[in-house]
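So the chains spell out like this:
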Amino acid sequence: MDLNAEKLKLIKKILKTKDVLILKKIRLVFENNDRELWKELTPEQQEEINIGIQNENRSDVVDF
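Residues numbered from 1 in each chain as written. Predicted model: local features only at pLDDT ≥ 70, side-chain atom pairs only at ≥ 80, totals over all residues. Heavy atoms only, no water.

A. Just the confidence of the model for the chain, in detail. Across the chain, pLDDT averages 88, with 92% of residues at or above 70. Element-level mean pLDDT values for the chain span from 89 in helix α3 (residues 43–57) up to 94 in helix α1 (residues 3–16). (pLDDT = per-residue confidence, 0-100. Helix = DSSP H or I, 4+ residues; strand = E, 2+ residues; numbered from the N terminus.)

B. Local environment of the pattern of salt bridges. Evaluation of the coordinates by the stated rule reveals three salt bridges. For the salt bridge of E6 with K9, the shortest nitrogen-to-oxygen distance reads 3.6 Å. Of this pair, E6 and K9 both sit in helix α1, three residues apart, which is roughly one turn of the helix. Residue E6 is classed as partly exposed on the basis of its relative accessible area, which comes to 29%. Between R35 and E31 there is a salt bridge, and its shortest N-O distance comes to 3.9 Å. You can see R35 and its partner E31 sitting in helix α2 (residues 20–40), four residues apart, about one turn around the helix. Exposure remark for R35: the relative accessible area of 45% places this residue in the partly exposed category. (Salt bridge = Lys/Arg side-chain N within 4 Å of Asp/Glu carboxyl O. Buried < 20%, exposed > 50% of the residue type's maximum accessible area, 1.4 Å probe, protein only.)

Spelled out as structure tokens, the structure:
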């Protein structure tokens, strides 16, 4: 399976759909996945990410 080809097929289907329920379900899949990934992080990693988000919100980050 070509990953990029699969992504393009899904993008095309998402763009064509007018069914809001389908879009909400797709969003939930990603949100659930994000929650699972967060649980796998150590408390230290979570804290580092939270600090990074706070810095970004205050514009305290330097783009490389």
